[in-house]
Amino acid sequence: MSEKLKLALYWAASCGGCEIAVLEINEKILDVDAAADILFWPVAVDTKYDDVRRLPDGHIDVCLFNGGIRTSEQEELAHLLRRKSKVLVAFGSCAQEGCIPGLANLYSRQSLLERVYHTTESTDNPEKVLPQVRTQVPEGEIEIPEFYDTVLALDDVVPVEYYVPGCPPQPHQIWNVIQAIVAGNLPKPPAIVGAGDKTCCDDCERKKSEKKVKRFYRPFEKVPEPEVCLLEQGFLCAGPATRSGCGNALCVKANMPCRGCYGPPPGVVDQGAKFLSAVASVIDSNDPDEIAQIVGTISDPAGTFYRFSLSKSLLRRAKV
C-alpha cells in the first residue's frame, strides 16, 4: 500500500467559510481520510504550532492555506507552512486576493483600532485603551500578534504554487482539486485550479441584448425578471469581470447578481477596473449631469467594485 498524502490546512484572516466548505464535500471527506493524513488543521485537529516546527522541511505534501495576512502571527505561519510544505495552495478568495478583510485597506490601522475600541456604540472604554503587542502584568509579560496596517494576499508574503478561487470555493470544485492532488494531476505551477477559463457571463443562460441603464438597483430595491440579464436590468452584476467555475453562474441562478468572488477571468489584471468598465458601458446617457445622477445610484462604489480583490488590485489600499 502506497504512503498516504500528508495534508495541512490553516485559517488566517478570513471568516472561516473555507473551513466549512471543505466539510461540504460531505461523505467524500471519508475518501480524503483514506488518502491523506491530516497533520495540521487547528480548527479540527489538536495539533500545535510546535508540532509543525518539529517536522522536517518539505514534509507536508500539500497545505491548503485560507485567509489573507492581517497579523504577525499569520505571517509567521505563512512562512512556517511554506517551509514545511512541498505545495502551498492559496485556498479561497481571502488568500488569493484579500477578499472582504481586504476592504479594511480603505482605512488606516489606527482608524480601525479607534473605531473598534473607542467609538462603536457598544464600547465602554473611558480610558481609551488600545491593544498593545506587549503588556506587563503581575504574572509576567503578555504578547499578542501585531495588527498590520495592510491586509496582504498570501503570495505577497510567500511563493504559492496554486490558487483555488471562491468565497468560499464550491464543494464540487474542492473535490476536483482534492482528486487532482491525490492523483498527482495538478498543472504546472503557478496556476489557478478549481475554476473555469471563461467569465461568469459565458456560463449564464439569461437573455442578453443591448444594455441601456438609467439607474442602478440594489437587490432589495427591485425584483429582477428571471430570464433577462441582470446588468441590463440595472443590477450591479459582476459576471463580465468574474471567472467562471462556481457552478454555471450560481448566484445568478438564484436571481441574485454575481458578486465576483471567483476573481478576475483570464487576462484581467484588475477585476474592479474590469467591473467598472462593464458598468460604465451600459449607462444610457451622454449628458454629464445625468451620468453623475445615474452613477449616484451606486451605493458604496469601492466596496462594490473591489469587494473581493482590493488587496491585489492596482490600487492595493487607500493612501491614508
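How each quantity is defined
Residues numbered from 1 in each chain as written. Predicted model: local features only at pLDDT ≥ 70, side-chain atom pairs only at ≥ 80, totals over all residues. Heavy atoms only, no water. Helix = DSSP H or I, 4+ residues; strand = E, 2+ residues; numbered from the N terminus. Rg over C-alpha atoms; globule rule 2.2 N^0.38 Å. Buried < 20%, exposed > 50% of the residue type's maximum accessible area, 1.4 Å probe, protein only. Contact = heavy atoms within 4.5 Å. Areas by Shrake-Rupley, 256 points an atom, 1.4 Å probe, with all protein chains shown as cover. Lys, Arg positive; Asp, Glu negative; His and termini not counted. Charge placed at Lys NZ, Arg CZ, Asp CG, Glu CD. Pairing = 2+ DSSP bridges. Axes fitted to C-alpha atoms, helices over the stretch in contact; angles between N-to-C directions.

Caption draft 1: Representation of the overall build of the chain within the structure. From N to C terminus, the chain includes 12 helices and 10 strands. For 320 residues, the compact-globule estimate of 2.2 N^0.38 gives 20 Å, and the C-alpha radius of gyration of the chain, at 22 Å, lies within 12% of that figure. The buried share among the 320 residues of the chain stands at 46%. A fraction of 72% describes how many contacts in the chain between residues 6 or more apart in sequence connect residues 24 or more apart. Of the roughly 16600 Å² of accessible surface on the chain, a fraction of 54% belongs to carbon and sulfur atoms. Across the chain, the 35 positively charged side chains and the 43 negatively charged ones have centroids separated by 4 Å.

Caption draft 2: How the structure looks around the pairing of strand β1 (residues 5–11). Counting buried positions over the 7 residues of β1 gives 6, a clear majority of the element. As judged from the 4 bridges shared by β1 and strand β2 (residues 36–40), these two strands associate in the parallel manner. The residue bridging A8 from the neighbouring strand is F40, located in β2. Two elements, β1 and strand β3 (residues 60–66), share 5 bridges in a ladder whose sense is parallel. Bridging across to β3, A8 finds its partner in C63.

Caption draft 3: Structural detail: helix α6 (residues 109–119). Among the residues making up α6, those that are buried are L112, L113 and H118. Those residues of α6 that are buried lie in contact with β4 (69–71) and β8 (147–152).

Caption draft 4: Inspection of the sheet that holds β2 at higher detail. Strand order in this open sheet of 6 strands is β2-β1-β3-β5-β9-β10, and the pairing throughout is parallel. Edge positions in the open sheet fall to β2 and β10 (191–192), since each of these has one partner strand only. Across the sheet, helix α4 (residues 72–84) is in contact with β1, β2, β3 and β5 (85–91); its angle to β5 comes to roughly 135°.

Caption draft 5: Representation of unusual backbone geometry within the structure. The omega angle of the peptide bond from C167 to P168 is -5°, so this bond is cis rather than trans. In this model, P189 is joined to P190 through a cis peptide bond whose omega is -5°. With respect to the helices, strands and loops of the structure, P190 is situated in the loop between α7 (171–183) and β10. For K128, which is not glycine, the phi torsion reads 60° and is therefore positive. Turning to its location among the elements, K128 is positioned in the loop between α6 and β6 (134–137). The phi dihedral of A249 is positive, around 60°, even though this residue is not glycine. Inspection of the secondary structure puts A249 in the loop between α8 (200–203) and α9 (250–253).

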